[in-house]
Amino acid sequence: QVQLVESGGGLVQPGGSLRLSCAASVTIFSTYFMGWYRQAPGKQRELVAGITLAMPTYADSVKGRFTISRDSTKNTFYLQMNSLKPEDTAVYYCALKRTNVETAYWGQGTQVTVSL
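All values reported here derive from a predicted model rather than from experimental measurement.

## So, the packing of aromatic side chains
Here's step 1: With the rule as written, the count across this model stands at three aromatic pairs.
Here's step 2: Centroid distance Trp-36 to Phe-77: 5.7 Å. Interplanar angle 65°. Geometry classified as edge-to-face. With a gap of 41 residues between them, Trp-36 in strand 4 (residues 33–39) and Phe-77 in strand 8 (residues 76–81) connect regions that are remote in the sequence. In terms of burial, Trp-36 and Phe-77 fall into one category: buried.

## Let's talk about the sheet that holds strand 7 (residues 66–71)
Here's step 1: Strands sit in the order 1-3-8-7 across an open sheet of four strands; the sheet is antiparallel. One side of each edge strand has no neighbouring strand; the edge strands of this open sheet are strand 1 (4–7) and strand 7. Taking the axes of each pair of neighbouring strands and ignoring which way they run, one obtains an average angle of 15° across the sheet.

## Considerations on the side chain of Thr-110
Here's step 1: By secondary structure assignment, the location of Thr-110 is in strand 11 (residues 110–114).
Here's step 2: Within the local environment of Thr-110, its side chain forms a polar contact with the backbone nitrogen of Gly-9, the two atoms lying 3.3 Å apart.

## Some points on the nonpolar core
Nonpolar side chains tend to gather and get buried jointly when the protein is soluble and globular.
Here's step 1: Formed by 31 residues in total, the largest nonpolar core has its most connected members in Leu-4, Trp-36, Phe-66, Leu-79, Met-81 and Tyr-92.
Here's step 2: Of all the secondary-structure elements, those providing two or more residues to this core are strand 3 (18–24), strand 4, strand 5 (46–52), strand 7, strand 8, strand 9 (90–97) and strand 11.
Here's step 3: In contact with Tyr-92, not counting residues within four places along its chain, are Glu-6, Leu-20, Tyr-37, Arg-38, Val-48, Phe-66, Leu-79, Met-81, Gly-109, Thr-110 and Val-112.

## Brief notes about the pairing of strand 7
Here's step 1: Bridge analysis of strand 7 against strand 8 gives six bridges, and the strand direction is antiparallel. The residue bridging Thr-67 from the neighbouring strand is Gln-80, located in strand 8.
Here's step 2: Taking the residues that link successive antiparallel strands as the turn, the strand 7-strand 8 hairpin has four residues, and the phi of Asn-75 there is positive, at about 55°.

## A short note on the pairing of strand 3
Here's step 1: Counting buried positions over the seven residues of strand 3 gives five, a clear majority of the element.
Here's step 2: In this structure, strand 1 lies alongside strand 3, joined through four bridges in antiparallel fashion. Residue pairing in the sheet places Val-5 in a bridge with Ala-23 of strand 3.
Here's step 3: Bridge count between strand 3 and strand 8: six bridges; the pairing is antiparallel. Across the sheet, Arg-19 pairs through a bridge with Gln-80, a residue of strand 8.

Calculation rules
Residues numbered from 1 in each chain as written. Predicted model: local features only at pLDDT ≥ 70, side-chain atom pairs only at ≥ 80, totals over all residues. Heavy atoms only, no water. Phe/Tyr/Trp six-rings, centres within 6.5 Å; stacked < 30°, edge-to-face > 60°. Helix = DSSP H or I, 4+ residues; strand = E, 2+ residues; numbered from the N terminus. Buried < 20%, exposed > 50% of the residue type's maximum accessible area, 1.4 Å probe, protein only. Pairing = 2+ DSSP bridges. Axes fitted to C-alpha atoms, helices over the stretch in contact; angles between N-to-C directions. Polar contact = N/O pair within 3.5 Å; in protein donor to acceptor, adjacent residues only side chain to side chain. Core = buried A, V, L, I, M, F, W, Y, C linked by side-chain atoms within 4.5 Å. Contact = heavy atoms within 4.5 Å.

So far we have only geometry, and geometry alone does not tell us how the molecule works.
Following this line, the structure appears as structure tokens:
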């Protein structure tokens, strides 16, 4: 019912930047929860950044470096990643949950690799 298409991953050097995009097939109202998760090999999926209304939240490991934002005119939300570190290497997934609906929808995942 809801499709999320991710883009923007790739290989970047330490200290570099990437912007991930998540395009939704539905209107993204500000009351929805929109988030970015990541999963590194052998580790559990973790919440990196999320936003609902105007309240963003970030994992401690990315505070000050990553910014989540949304553009309702494009039905798209973003993760701007600056000052990337090798430990940021993971598959990144976007997720969306609509108001009063518990089902979460997930993007297909995009690989982010931070390496020389």
